[in-house]
Amino acid sequence: MRNSVSFNLLVFGPGLPGAGQKSQALFIDESLELDLGDGWRQTVTSASLTVQAGGFNDQQLMLHWTSSNGKWSAMTAEVADKQTFLTAAPPALGPQLAQWQKKAKAVERRFRIGAGVIGLLVALPFLLIGALIWQAPTLMGWVANKIPSSLEDDLGRMSTAQIKATSGLIEDGELVDMISTVGGRLTQGSRYKYHWYVIKDDTINAFAMPGGYVVVHTGLLKSASSAEELAGVLAHEVQHVELRHSLQQIINQLSWTVIMSLAVGGADSSVWAGATQQLLQLSFGREQESQADVAGLAALRRANINPQGMLSFFEKLSKQEGTTIELLSTHPASANRLETLRLAVNAGGVTPAPALPYDWSKIKLAIDATVK
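Just so you know, the residues in each chain are numbered from 1, in the order the chain's sequence is written. Per-residue local features of the predicted model are confined to residues with pLDDT of at least 70, and side-chain atom pairs are confined, for both listing and counting, to 80 or more; whole-chain, interface and lining totals are unaffected and use all residues. The basis for every side-chain value is the complete set of non-hydrogen atoms in the structure, without hydrogens or water.

## What about the pairing of strand E4 (residues 41-45)?
Burial along E4 is one-sided: Gln 42 and Val 44 are buried, and none of Arg 41, Thr 43 and Thr 45, which face the opposite way, are. Judged from the five bridges that link them, strand E3 (residues 31-35) and E4 form a sheet pairing that is antiparallel. Counterpart to Asp 35 in the pairing with E4 is Arg 41. Two strands pair under a simple rule: DSSP has to find at least two bridges between them. Numbering of helices and strands starts at the N terminus; helices are DSSP runs of H or I of at least 4 residues and strands are runs of E of at least 2. Hairpin connection between E3 and E4: a loop of five residues separates the two successive antiparallel strands, and Gly 37 in this loop has a positive phi of roughly 90°. Accessible area is worked out with a 1.4 Å probe on protein chains only. A residue is then buried under 20% of its type maximum, exposed over 50%, and partly exposed in between.

## So, the environment of Pro 357
With respect to the helices, strands and loops of the structure, Pro 357 is situated in the loop between helix H14 (335-347) and helix H15 (360-371). For Pro 357, a relative accessible area of 67% translates into the label exposed. When the C-alpha atoms of Pro 357 and Ala 227 are compared, they prove to be 8.4 Å apart, with 130 residues separating the residues in sequence.

## What to know about the confidence of the model for the protein
On a range of 0 to 100, pLDDT expresses the predictor's confidence in each residue. Within the protein, residue pLDDT values average 78, and 72% of them lie at 70 or more. Ignoring residues within four places in sequence, the model shows residues 114-124, a span with pLDDT below 50, making one contact including any to other chains. Any two residues having at least one pair of non-hydrogen atoms within 4.5 Å are treated as being in contact. Note on residues 321-326: pLDDT under 50 across the span, and nine contacts to partners over four residues away in sequence or across chains.

## Description of the pattern of salt bridges
A pair is scored as a salt bridge if a Lys or Arg side-chain nitrogen falls within 4 Å of a carboxyl oxygen belonging to Asp or Glu. This model, assessed by the stated rule, comprises seven salt bridges. Residues Glu 315 and Arg 342 are paired through a salt bridge, measuring 2.5 Å at the closest nitrogen-oxygen approach. Within this pair, whereas Glu 315 is found in helix H12 (residues 308-319), its partner Arg 342 is found in helix H14, the two being separated by 27 residues in sequence. Classification of Arg 342 by relative accessible area gives partly exposed; the value is 26%. Among the ionic contacts, a cluster of salt bridges with common partners joins Glu 315, Glu 339 and Arg 342.

## Description of the sheet that holds strand E8 (residues 195-199)
Taken in spatial order, the three strands make up an open sheet running E8-E10-E9, and their pairing is mixed. For this open sheet the edge positions go to E8 and strand E9 (206-209), each flanked by a neighbour on one side alone. Each neighbouring strand pair of the sheet contributes to a mean axis angle of 15°, computed without reference to strand direction. Where E9 lies against strand E10 (residues 213-217), four bridges are found, and the strand directions are antiparallel. Residue Phe 207 lies in a different strand from E10, and its bridge partner there is Val 215. To define axes, lines are fitted to C-alpha atoms, for helices over the stretch in contact only, and angles between the resulting N-to-C directions are given on a 0 to 180 degree scale.

## Describing the side chain of Glu 289
Following the sequence through the fold, Glu 289 ends up in helix H11 (residues 286-302). Polar contact is the term for a pair of N or O atoms within 3.5 Å; when the atoms are in protein, one must be able to donate a hydrogen and the other to accept it, and sequence-neighboring residues count only if both atoms are side-chain atoms. Within the structure, the side chain of Glu 289 is placed 2.8 Å from the side chain of His 236, a separation counted as a polar contact.

## As for the pairing of strand E6 (residues 60-67)
Where E6 and strand E7 (residues 70-76) come together, six bridges link them in antiparallel fashion. Opposite Leu 63, over in E7, you have Ala 74 as the bridge partner. Hairpin connection from E6 to E7: two residues lie between these consecutive antiparallel strands.

## Thoughts on the packing of helix H5 (residues 174-186) against helix H7 (residues 227-242)
Helix packing for two helices is described by the angle between their axes and how far apart those axes are. Running from N to C, H5 and H7 point in directions that differ by 55°, and their axes come no closer than 10 Å. Between H5 and H7, the crossing angle belongs to the class labelled oblique. You can see that H5 and H7 cross each other, and the crossing is right-handed. Across the interface between the two elements, Met 178, Ile 179, Val 182, Gly 183 and Leu 186 of H5 pack against Leu 230, Ala 231, Leu 234 and Ala 235 of H7. Note on terminology: angles under 35 degrees are roughly parallel, angles over 145 are roughly antiparallel, angles of 65 to 115 are roughly perpendicular, and the others are oblique. With the far helix as reference, a near helix turned anticlockwise by less than a right angle produces a left-handed crossing, and one turned clockwise produces a right-handed crossing.

## Here's the deal with unusual backbone geometry
With the exception of glycine, the majority of residues adopt a negative phi angle, and the majority of peptide bonds are in the trans configuration. Although it is not a glycine, Asp 38 sits at a positive phi angle of roughly 55°. Accessibility expressed as a relative area gives 88% for Asp 38, which makes it exposed. Despite not being glycine, Arg 244 shows a phi value in the positive range, around 60°. If you trace the backbone, Arg 244 turns up in the loop between H7 and helix H8 (245-253). Given a relative accessible area of 4%, Arg 244 falls into the buried group.

## A short note on the environment of Leu 247
Among the structural elements, Leu 247 can be located in helix H8. Residue classification places Leu 247 among the buried positions, given a relative accessible area of 1%. Remark: the alpha-carbon pair of Leu 247 and Met 209, spanning 38 residues in sequence, is separated by 8.3 Å.

## Things to note about the environment of Asp 172
By the element assignment, Asp 172 lies in the loop between helix H4 (149-166) and H5. Residue class for Asp 172 comes out exposed when judged on its relative accessible area of 58%. For Asp 172 and Tyr 197, which are 25 residues apart along the polypeptide, the C-alpha to C-alpha distance reads 7.7 Å.

## Comments concerning the nonpolar core
The term nonpolar core refers to a set of buried residues drawn from Ala, Val, Leu, Ile, Met, Phe, Trp, Tyr and Cys, joined through side-chain atoms within 4.5 Å. With 44 residues, the main nonpolar core has Ile 179, Leu 186, Leu 221, Leu 230 and Leu 234 as its most contacted residues. A per-element tally of this core places H7 first, with eight residues. When neighbours within four sequence positions are excluded, Leu 186 is seen to be in contact with Ala 231, Leu 234, Ala 235, Ala 299, Leu 300, Ala 303 and Ile 305. The next biggest cluster of nonpolar side chains, apart from the first, holds 25 residues, and it includes Phe 7, Val 11, Phe 27 and Leu 34.

## A few points about the packing of aromatic side chains
To pair, rings of Phe, Tyr and Trp, with the six-membered ring standing in for Trp, must have centres within 6.5 Å; the planes then decide the type, stacked if under 30 degrees apart, edge-to-face if over 60, and tilted in the middle. For the structure on display, the rule yields eight aromatic pairs. By the ring-pair criterion, three or more aromatic residues cluster together here, those being Phe 7, Phe 27 and Phe 85.

Right, here's the structure in full:
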């Protein structure tokens, strides 16, 4: 006689509760001995047992047999009981247990795949949001390229009109002529028709809006030491237009419904009107600033203007304290950016460019007369 370790089964059958009766069991030789409580015992031969997979995911081990008083079934109560049953089961049950394990593993694989699919479906919206955030610059560039230049011009024109109405703009005169001439050299061959303005404002700033509308503060003109330094700022600003950075920033702040409407040309002027206020408060990211620096340097060299002016002006601004420098809040001149700009300027070698034909002392007098 061979004794084995006992284990628990939940037994169902005649005279037992509908929810089953927890019973202690063990294998003795080829028979399953059940203690059903109150001295009620039952012996079932291995040949009478049928093993099946059961439970929600077929991971449960189910036993079935028939006795003189009816049909019976049982299932292992806990995982540990199932392991004990498998270890203690007699060889006669081996083939059935092998089939059970094969089916249980197949079902488990299907459940894992199903759980993975469900998990993917649940996570998909978050993955899409993450992808949109991760690829936001690419998406913004794609949408911006779908917007015709005429709509960019509408946006720049409306924004300029708003500035005129609230702050006033200088549209002609010596300073505007100078800026227009220098800017014209930097934008030769552009798809945009540029418009140049000066605004009476002591903050050191300049900004370019979509469509080629460029505004220079008198505070920036006063801070520049040469026409080459002014040209360096203008070269950087116009590249934000050429690369459509301002447009991309506006798109980034609009809803996706509006973005898609713009992409197919279905947005009316009211869409642009709602974006003008945002446009006047834009700032650029590191990547966009770096792109504008590199492209601006290339524009200066094409226009045969010494690029050292761009570097010297930004270096000068980064060292100033106690001065309102709006340009640095929208175009941060970090140490890394300045070093990258310095390396890029030096990498191009000495540019044998003639000085721009402006007497800067006279330009200063024109600036002083303008701000009075």
